[in-house]
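Residues per chain, in single letters:
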Amino acid sequence: IAELSAATPNTIAFIHRWRDQTARPGVDDTVWDVYGRRYGLQDSDRTRRPALELLSAYLKTGQNVFAVPLATRQPLHMPWFIILGWFLIAAVAILYASSPRFRFMVPRYFVAHGFFRNAVREAREVLPIVSTAMLTIMGCSVGLIGTQVFLTLHDTAPVKYLVGGLSFQTQSVIYAMLTKPLLSVFLLGSIALLAMSAWMGLWMIVASRRAPLLPSQALMLGVWSRWQLLLLLPMAMSIHSLPAESALGWVGLLLVLWIGTAFWASFRTTFDLVKITNCSPMAAGLVWLFNPLCLGALAILVLLIIERDQAAFLWHLATRN
């Protein structure tokens, strides 16, 4: 304190704590930020961090330029991210090259979609093994894209504000996702797979009243409509190499495209299932509303209406971040 006072006699400094402490849930949460990071000038063992040397030099000499390496967005530069993304694309190419029936159905899906639906209705070309493999690939793609979005936006003011309002246990999970992005990929991918499986199971229950729907038929219609994820993968893989300012803009575009293609895929799946099962439009509409994406959008809309002040503050943070 004396050293600081002598160096800056006309400066007022507010000091919370010199040294890191071990946080306990509900007791010492304030010594951590929302992602569990600590910013003490000393660690819990009184080891001086480089930041303390820089602060001391600045206060004593006024020097504000230091020859230190800039911080890098290390989680975004992990080579496994690129490797896993290209592995997923290569897996689709291998499936296409090794399965004649797959090669036969792909042109039908894009060029003659009515013939594709007829083949699925008659269960002649449902390709359960290929569709299961594609389901896994799509789940991993969702995990990769979601992780890229999270790693790029996690330090923005709106996201930190949202995370700060969560419980300590939830913040711990999010911090684990931040420090171990591979865990984030599999966690988000697993959630996406479970959500889609539950929705397709609901379709099978509703459609069984008119026409029996086999799991392989529901799987094929649900998975193939999400082919756009393969186009978004290269975009997500390339964002990591961009500067932080450019990365934010591209991630915003990626997020818009991701949500838009997800809604389109749910519409396409619902339309195909109505054509195949002759389900009533009202029942189809109700089942579509139970789509996880629709439920999430409705939940967010309700929260925004209820918490108008919080929503206005979030908008304030987002437009000034």
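Structure first, text after, so check above.
Quick caveat, the model's predicted, so the values are computed rather than measured. Counting restarts for each chain: residues are numbered from 1 in the order of the written sequence. Owing to the predicted nature of the model, reporting of local features is limited to residues with pLDDT of at least 70; listing and counting of side-chain atom pairs is limited to 80 or more, with chain, interface and lining totals taken over all residues. Think of the side-chain values as coming from all heavy atoms in the structure, minus any hydrogens and water.

*Asks:* I tried to follow the packing of aromatic side chains on my own but got confused; where do I start?
*Replies:* Two aromatic rings, taken as a pair, are described by how far apart their centres are and by the angle between their planes. Pairing of aromatic side chains requires ring centres within 6.5 Å, counting the rings of Phe and Tyr and the six-membered ring of Trp. Pairs whose planes differ by under 30 degrees are stacked, by over 60 edge-to-face, and all others tilted. With the rule as written, the count across this model stands at 10 aromatic pairs. Ring centres of Tyr96 and Phe102 lie 6.0 Å apart, and the angle between their planes is 75 degrees; this geometry places the pair in the edge-to-face category. Each residue's exposure class comes from its accessible area (1.4 Å probe, protein chains only) as a fraction of the maximum for that residue type: buried when under 20%, exposed when over 50%, partly exposed otherwise. Residue class for Phe102 comes out buried when judged on its relative accessible area of 5%. Centroid distance Tyr109 to Phe110: 5.1 Å. Interplanar angle 80 degrees. Geometry classified as edge-to-face. One aromatic cluster is present, formed by Tyr96, Phe102, Tyr109, Phe110, Phe116, Trp224 and Trp227 through successive ring pairs.

*Asks:* Honestly, the pattern of salt bridges in this entry has me stumped. Any pointers?
*Replies:* Here the idea is simple: oppositely charged side chains can pair when their charged atoms come close. Every case where a carboxyl oxygen of Asp or Glu lies within 4 Å of a side-chain nitrogen of Lys or Arg is listed as a salt bridge. Throughout the structure, instances matching the rule amount to three salt bridges. In this structure, Asp272 and Arg117 form a salt bridge, with 3.3 Å as the shortest nitrogen-oxygen distance. Here the residue Asp272 occupies a position in helix α12 (residues 244-277), and Arg117 occupies one in helix α5 (residues 113-121), the gap between them amounting to 155 residues. A single burial state applies to Asp272 and to Arg117, both of which are buried. A salt bridge links Lys160 to Asp155; the nearest nitrogen and oxygen atoms lie 3.9 Å apart. Overall, Lys160 belongs to the partly exposed group, its relative accessible area being 32%. With relative accessibility at 38%, the residue Asp155 sits in the partly exposed group. One salt-bridge network, in which partners are shared between bridges, spans Arg117, Arg268 and Asp272. Here a helix means four or more residues in a row that DSSP labels H or I, a strand means two or more in a row labelled E, and each is numbered from the N terminus.

*Asks:* For this particular structure, what's the right way to read the packing of helix α6 (residues 128-153) against α12?
*Replies:* The relative placement of two packed helices is expressed as an angle between their axes plus a distance between the axes. Contact geometry for α6 and α12: axes closest at 10 Å, N-to-C directions at 140 degrees. Once α6 is placed against α12, the crossing between them reads as left-handed. Touching Val142, Ile145, Gly146, Val149, Thr152 and Leu153 of α6 are Ala247, Leu248, Val251, Leu254, Leu255 and Trp258, all from α12. Interaxial angle, 0 to 180 degrees, is taken between N-to-C directions of lines fitted to C-alpha atoms, where a helix line uses only the stretch in contact. Crossings are classed by handedness, with left-handed meaning an anticlockwise turn of the near helix from the far one by less than a right angle and right-handed meaning a clockwise turn. Note on contacts: a residue pair qualifies if any of its non-hydrogen atoms lie within 4.5 Å across the two residues.

*Asks:* I'm lost on the nonpolar core in this one. Help?
*Replies:* Side chains of a nonpolar character, in soluble globular proteins, are inclined to be buried together. In this structure, Met134 and Trp224 are the most contacted members of the largest nonpolar core, which totals 58 residues. In terms of residue count, the dominant contributor to this core is α6 (10 residues). Setting aside anything within four residues of it in sequence, one finds Trp224 in contact with Phe102, Met105, Val106, Tyr109, Phe116, Leu127 and Ser131. Here, the term nonpolar core denotes a set of buried Ala, Val, Leu, Ile, Met, Phe, Trp, Tyr and Cys residues that are joined through side-chain atoms within 4.5 Å. If you look at the next biggest cluster of nonpolar residues, it comprises eight residues, including Val34, Leu151, Val163 and Ile174.

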